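# A structural walkthrough
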Amino acid sequence: MSEIKAVIFDAGGVFLEWEKELDLFFGKLSIDKNKWSSVMTEKSLLAQTGKIELDDYLEGIMISLEKHELWRELRNVFPAKFKPIKESFDLLEELQGKFVLAMLVNTELGVHDEWDKIYDHKKYFDVIIDSSKVGLVKPDPKIYHLALSKLGVKNSEVLFIDDSKVNILGAQKIGIETVYFKDPVESIKEIRHRLGLV
């Protein structure tokens, strides 16, 4: 029997697909992925720690990309057009009632509240830690400790799933077991194995 009592999920790239939609949006504007991605990253800390509103963040991105007049079009995509990753939602259904489930996300103010109105994803989680509401972002050790405290578990009793290598390493540094989420089929197979579900 697994010793794991709680499973902590990242959202974007794990059960929510966002990059493809942004690729499509920026591709239509002939803006290279490296360019838009780097602008978003550069501006994300203020948004993801709740210091600026989502609209200001997105408008700032489009100003930097010299497409200010189109920022509302980006707003229509972000996050309304982000898609669920079906395999991950199936896994959440399977894990409910067997483990304490948490969502630990670096995200901008209001993104998950908006996305929840479309896909009703918050219902799967016993604990939600949103960087924009707690003022901390992964891989800061404090946000992982906050998650452990809210879950009421030790680091050895948690499995953390993220598609960011940096965030995975951050969790590992404080003794949390991890699964680096790269591909829904293979990664979910590994998660189920680690949780003793196979």
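Here, every reference points to the structure presented above.
## Focus: the packing of aromatic side chains
- Across all of its chains, the model carries 12 aromatic pairs by this definition.
- Note on Phe15 and Trp115: the rings are 6.4 Å apart at their centroids and 45° apart in plane angle, and the pair reads as tilted. Taken together, the positions of Phe15 in the loop between strand E1 (6–9) and strand E2 (16–17) and Trp115 in helix H6 (residues 111–119) put the pair 100 residues apart, joining distant regions of the chain. A single burial state applies to Phe15 and to Trp115, both of which are buried.
- Linked through ring pairs, Phe9, Phe15, Phe89, Trp115, Tyr119, Tyr124 and Phe125 together constitute an aromatic cluster.

## Concerning the packing of helix H2 (residues 33–48) against helix H3 (residues 54–64)
- Their axes nearest at 10 Å, the elements H2 and H3 cross at an angle of 155°. Overall, the two elements H2 and H3 adopt an arrangement that is roughly antiparallel. Like other packed secondary-structure pairs, H2 and H3 cross with a definite hand, here right-handed. Mapping the contact onto sequence places Val39, Met40, Lys43, Ser44 and Ala47 in H2 and Tyr57, Gly60, Ile61 and Ser64 in H3.
- Split by residue class, the contact of H2 with H3 holds 5 nonpolar, 3 polar and 1 charged.

## Considering the layout of surface pockets
- The space that makes up the largest pocket amounts to roughly 780 Å³.
- Around the largest pocket, the lining comprises 30 residues; the ones closest to its centre are Trp18, Ser44, Gln48, Asn106 and Glu108.
- Broken down by secondary-structure element, the contributors of at least two residues to the lining of the largest pocket are H2, H6 and helix H9 (165–173).
- Tallied by class, the residues present in the lining of the largest pocket amount to 14 nonpolar, 10 polar and 6 charged.
- Estimates place the volume of the second largest pocket at around 150 Å³.
- For the second largest pocket, the full set of lining residues is Glu21, Leu24, Phe25, Lys28, Leu29, Glu73, Val77 and Lys81.
- When contributions to the lining of the second largest pocket are tallied by element, the ones reaching two or more residues are helix H1 (19–28) and helix H4 (71–77).
- A breakdown of the residues in the lining of the second largest pocket according to their chemical character gives 4 nonpolar, no polar and 4 charged.

Reading the values: the criteria
Residues numbered from 1 in each chain as written. Predicted model: local features only at pLDDT ≥ 70, side-chain atom pairs only at ≥ 80, totals over all residues. Heavy atoms only, no water. Phe/Tyr/Trp six-rings, centres within 6.5 Å; stacked < 30°, edge-to-face > 60°. Helix = DSSP H or I, 4+ residues; strand = E, 2+ residues; numbered from the N terminus. Buried < 20%, exposed > 50% of the residue type's maximum accessible area, 1.4 Å probe, protein only. Axes fitted to C-alpha atoms, helices over the stretch in contact; angles between N-to-C directions. Parallel < 35°, antiparallel > 145°, perpendicular 65-115°, else oblique. Left-handed = near helix turned anticlockwise from the far one by under 90°. Contact = heavy atoms within 4.5 Å. Nonpolar A, V, L, I, M, F, W, Y, C, P; charged D, E, K, R; others polar. 1 Å grid on protein atoms, 1.4 Å probe; cavity = no way out; pocket = protein on both sides within 12 Å on 5 of 7 lines; lining within 4 Å. Points joined across faces, edges and corners; volume = space filled by probe spheres on them.

On their own, these measurements won't tell you what the molecule is for.
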